[in-house]
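# Summary of the model geometry
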Amino acid sequence: MILLLRDDVQPGEAVYIALCTQLDRLPGIRWRLHEETGTEKVLREIYLIGSTAGLETADMSMLPGVERVIKVSQEYRILGRHKGSERSSRFEYNGLEFSQDNLHVFAGLCAVDNEDNVAATMAALKACGQITTRMGAYKPRTSPYAFQGHGAACLPYVFCLADEYGIAVIAMEVTHERHIDEIEQARRQVQARCGVMLQIGTRNTQNFELLKAVGRQKRHPVLLKRGFGITLDETLNAAEYLASEGNTRIVLCLRGVKSNMGEPHRNLVDFAHVPTVKRLTRMPVCIDPSHSVGIRAAAPDGLTEIHHATAQGVIAGANMVLVDFHPRPAEALVDSAQALPLDQLGLFLEDVAIARRAYEARCALAQRAAAQEVTLLGLAQ
Ligand code: PEP
Ligand code: MN
C-alpha cells in the first residue's frame, strides 16, 4: 500500500509527525518515506510494508496529511504501475530529463583504453550535438587474463575531457560498491560538472548486495541491465531492490539474453520487451544493440545488424540507446567485434532519428484510434 501525501505536508511538521505516530502503531507494518523531486514540486509517498492486507483504504485515507491511498496489487511495489495511480515516469539528472517519453543516445567507448581515444570520441560526440556517452572503466571480463579496464586511474582524465567537450552524463559500469566512492573522489578531484549514470552489468543484475549499495546512494541515477539468463520478472525485481533502498531514478536496459538460438548474434535480441517494461513499470527503457548483436556484420541493404536492432528498439519506444563506438574498432581492447567506427556516428544518429520519428507517428496513430474509440488493428487489449 502507498500513501500519497498532500503537497503541503513536509517531514518535521506537526501533520507529518502525527501521521508517523499513527503509522508506528499499526501492527506488523513497517513504513518508509520516499521523496521524488520533480521540476515543480517534491512528491512524497509512504510505502507500507508487511501485513497490509488487513488495512482498509478508507481508514488509511483518513490519516493526517494523506491525499490518496494506492493499493499495490502487483509485484513491483515501487516501480510498478498501479491502478488508480498516474505517478511520474520521469526524473531529472544533471539538466537532462529521463522518461518513458523521450530518447537519449549514449554512444561511446565500451572500455576506456587511452586518453586520445576518449578525447576523439568526445570530440565526435560534440560535433554531432551529443551530451551523453558511455565510458567503461571497470570491465567485468570472462577471462582473468583479459584487459580489466583502467579502473580509477582513468577517471580524472575521463571527467576532465567530458567537461571540456560539454558531456552532461556518462554511463559507467560499477562492479563493486567501492567504485561508487572512487567515482565520487575523482569527480571531486577534478571538480567535474558531468554526471555519472551508474551502470549495473548483466553479470550483476542479481548481485543483491551491490544493488542495495547502489540503491542507497541517491546522488546518481542507475542503469540496470537485464540479467542475461533470467526472466524479465526477475530483472524487474532486481530493479525493485534499488528502489526499495531509496533510489528510484532507474533506467532498465535490455541487452539480449544468452541463448545459442541467437547465433550468429552474441545474444538473442529481446527488444520486443521495450513496451512490456513500459507497461509493467514506470521506468524509462534503454536498449543496448551492441551487446545484444555483438557483431558489426552488414546486411545486404548496407545497414549493420546493430543499426537494424537499434531501429527495432527505437521504433518500439525505447528511451535510451547504449551503443559502442571506437575511433578504430579493430584496436579496441574490449568487444572490438561490435564497436561501430566513430566516423559513422553521425549516420547512426540520423538512422536513430528516422526510427524515432516513425515511433512518434505510430503513437499519433494510436491516439487517433483511441480518440475514435477504435481498437488499433484489433490488437490492444
Ligand atoms: C557493457 O555495457 O559494457 C557491458 C559489459 O554490458 P553487459 O553487462 O550487458 O554485458
Ligand atoms: Mn562490452
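Relevant structure appears above.
Residues numbered from 1 in each chain as written. Chains lettered and ligands numbered in written order. Predicted model: local features only at pLDDT ≥ 70, side-chain atom pairs only at ≥ 80, totals over all residues. Heavy atoms only, no water.

Relative to the elements of secondary structure, V158 occurs in helix 4 (residues 155-164). With relative accessibility at 0%, the residue V158 sits in the buried group. Separated by 46 residues in sequence, V158 and V112 have C-alpha atoms that sit 8.3 Å apart. Beyond its immediate stretch of four places on either side in the chain, V158 contacts V112, V118, M122, M135, I170 and M172. (Helix = DSSP H or I, 4+ residues; strand = E, 2+ residues; numbered from the N terminus. Buried < 20%, exposed > 50% of the residue type's maximum accessible area, 1.4 Å probe, protein only. Contact = heavy atoms within 4.5 Å.)

Time to look at the site of ligand 1. Near ligand 1 you find C110, R134, K139, E173, Q199, G201, T202, R203, K225, R255, D288 and H291, and these make up its full shell. One nitrogen or oxygen atom from the side chain of Q199 is found 2.9 Å from an oxygen atom belonging to ligand 1. Here K225 contributes a side-chain N or O atom positioned 2.8 Å from an oxygen atom of ligand 1. Out of a free accessible area of 290 Å², ligand 1 has 98% covered by protein chains. Classifying every residue of the shell around ligand 1 by side-chain character gives one nonpolar, four polar and seven charged. (Near = heavy atom within 4 Å. Polar contact = N/O pair within 3.5 Å; in protein donor to acceptor, adjacent residues only side chain to side chain. Areas by Shrake-Rupley, 256 points an atom, 1.4 Å probe, with all protein chains shown as cover. Nonpolar A, V, L, I, M, F, W, Y, C, P; charged D, E, K, R; others polar.)

The next thing to look at is a positive patch on the surface. Among the surface-exposed residues, R30, R32, R77 and K218 lie close enough to one another that they form a single positively charged patch. Within the secondary structure, K218 is located in the loop between helix 6 (208-216) and strand 11 (222-225). (Patch = residues over 30% accessible without salt bridge, like charges linked within 9 Å, V, L, I, M, F, W, Y side chains within 5 Å. Salt bridge = Lys/Arg side-chain N within 4 Å of Asp/Glu carboxyl O. Lys, Arg positive; Asp, Glu negative; His and termini not counted. Charge placed at Lys NZ, Arg CZ, Asp CG, Glu CD.)

Moving on to the packing of helix 10 (residues 305-315) against helix 11 (residues 345-371). In contact at an axis separation of 8 Å, helix 10 and helix 11 are set at 30° when each is read in the N-to-C sense. With respect to their mutual orientation, helix 10 and helix 11 come out roughly parallel. Along this stretch, helix 10 crosses helix 11, giving a crossing that reads as right-handed. For the pair helix 10 and helix 11, contact is made by H307, T310, A311, V314 and I315 and by F348, D351, V352, A355, R356, A358, Y359 and R362, respectively. Looking at the contact of helix 10 with helix 11 residue by residue, the class counts come to eight nonpolar, two polar and three charged. (Axes fitted to C-alpha atoms, helices over the stretch in contact; angles between N-to-C directions. Parallel < 35°, antiparallel > 145°, perpendicular 65-115°, else oblique. Left-handed = near helix turned anticlockwise from the far one by under 90°.)

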